[in-house]
Amino acid sequence: MIDIRENLQYVEQQIQSACDKSGRKRSEVSLIAVSKTKPVAMIKEAYDAGIRDFGENRVQELLEKIPQLPSDIRWHMIGHLQRNKVKYIIGKVAMIHSVDSLALAEEISREAQKRKDIANILIEVNVAGEISKFGVTSDAVLKLAEDIATLPAIQLKGFMTVAPYTENPEENRSYFRKLAQISVDIGNKNIDNRSTCFLSMGMTGDYSVAIQEGATYIRVGTGIFGERP
Ligand SMILES: *Cc1c(COP(=O)(O)O)cnc(C)c1O
């Protein structure tokens, strides 16, 4: 039996302790409950326990879940997004975490403009350079950020990374630190259209370390909802 309330209490304690260790305020870190593959009933339980940010990685699944759940949920698109699916999610998600090409950003801007909306996005960076992962390389981030700044209906809010799977979260510390540094470097360039700096990093295995390195969004699935099939 998965006890979502108890899991959330544990995660909350870990978040607080990582904040204490690094001299950060709890309010600087938002917990996104990653609900992919999990049923609406479980999402409702987390909602009833106070969670309002949920992450999904597939458009179809997201679109099925949205109408079945309260409208004050902030949905986060955290998975790889195909251009032909963009039109379905604009106006429905609070943040797209996984923008990794100009073509995708252009499509998002085009669809947002049609709906007189502004889409909030993060650039996904493959900091560790893993072949199997999506995201732009660290070298390509600045150029992509500058290009995105020229688009009319998009706001670049920060950066996201999916760190390698590891048993030892300390192994990912340098990647989180690097993403934070990329964010500072690009912040110093004063690019237009780029307001606050959100850093989406850290998952069940490594969110404490990510918080110590500056995460503002952590994406926790297994630690809240249990193992996925
Ligand atoms: C599934 C997923 C997560 C959550 O992973 P857990 O290890 O279950 O916490 C976080 N981020 C992304 C992009 C994911 O696809």
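Placed above this text is the structure.
Let me sum up the structure you'll find in this document. Not measured: the values here are computed from a predicted model.

**Let's talk about the overall build of the chain**
The helix and strand tally for the chain stands at 9 helices and 8 strands. Taken over C-alpha atoms, the radius of gyration comes to 17 Å for the chain, in line with the 17 Å a tight globule of 229 residues would show. Taking the principal axes of the C-alpha coordinates as reference, the chain spans close to 50 × 40 × 35 Å. Here the chain, with 229 residues, has 49% of them falling under the buried criterion. Pairs at least 24 apart in sequence give 60% of the contacts found in the chain among residues at least 6 apart. Here the chain displays about 11,000 Å² of accessible surface, and carbon together with sulfur accounts for 48% of that area. Placing the 30 positive and 30 negative side-chain charges of the chain at their respective mean positions leaves the two points 4 Å apart.

**Side note on unusual backbone geometry**
The phi dihedral of T37 falls on the positive side, at around 70°, and the residue is not glycine. Here T37 shows up in the loop between β1 (30-34) and α2 (40-48). Even without being a glycine, K116 presents a positive backbone phi close to 50°. In this structure, K116 sits in the loop between α5 (102-114) and β5 (119-124).

**Quick look at the packing of helix α1 (residues 4-21) against α2**
Following both chains from N to C, one finds α1 and α2 inclined at 50°, their axes separated by 9 Å at the closest point. By the angle between their directions, the pair α1 and α2 is classed as oblique. The handedness of the crossing between α1 and α2 is right-handed. In this structure, α1 uses I4, R5 and L8 to contact α2, whose residues at the interface are M42, E45, A46 and D48.

**Considering the pattern of salt bridges**
Applying the stated rule across the entire model yields 16 salt bridges. Among the salt bridges present, the one from K114 reaches E111, with a minimum N-O distance of 3.1 Å. With K114 and E111 both in helix α5 and 3 residues apart, this pair spans about one turn of that helix. A salt bridge links R173 to E170; the nearest nitrogen and oxygen atoms lie 2.8 Å apart. A residue is classified by how much of its surface remains accessible, and R173, at 17% relative accessible area, is buried. A single network of salt bridges, built from pairs that share partners, joins E56, R58, E61 and K65.

**Some thoughts on the environment of P169**
Among the structural elements, P169 can be located in the loop between β6 (154-160) and α7 (173-187). A sequence separation of 40 residues divides P169 from V209, and the C-alpha atoms of the two residues are 6.7 Å apart. Every residue in contact with P169, bar those within four places of it in the chain, is listed here: G205, D206 and V209.

**A closer look at the side chain of D100**
Checked against the element boundaries, D100 lands in the loop between β4 (95-99) and α5. Of the side chains bearing the opposite charge, R83 lies closest to the buried D100, which forms no salt bridge; the N-O distance is 8.8 Å. A distance of 3.2 Å separates a polar atom in the side chain of D100 from the backbone nitrogen of G135. If sequence neighbours within four positions are ignored, D100 has contacts with H80, E124, F134, G135, V136 and L144.

Parameters at a glance
- Residues numbered from 1 in each chain as written.
- Predicted model: local features only at pLDDT ≥ 70, side-chain atom pairs only at ≥ 80, totals over all residues.
- Heavy atoms only, no water.
- Helix = DSSP H or I, 4+ residues; strand = E, 2+ residues; numbered from the N terminus.
- Rg over C-alpha atoms; globule rule 2.2 N^0.38 Å.
- Buried < 20%, exposed > 50% of the residue type's maximum accessible area, 1.4 Å probe, protein only.
- Contact = heavy atoms within 4.5 Å.
- Areas by Shrake-Rupley, 256 points an atom, 1.4 Å probe, with all protein chains shown as cover.
- Lys, Arg positive; Asp, Glu negative; His and termini not counted.
- Charge placed at Lys NZ, Arg CZ, Asp CG, Glu CD.
- Axes fitted to C-alpha atoms, helices over the stretch in contact; angles between N-to-C directions.
- Parallel < 35°, antiparallel > 145°, perpendicular 65-115°, else oblique.
- Left-handed = near helix turned anticlockwise from the far one by under 90°.
- Salt bridge = Lys/Arg side-chain N within 4 Å of Asp/Glu carboxyl O.
- Polar contact = N/O pair within 3.5 Å; in protein donor to acceptor, adjacent residues only side chain to side chain.

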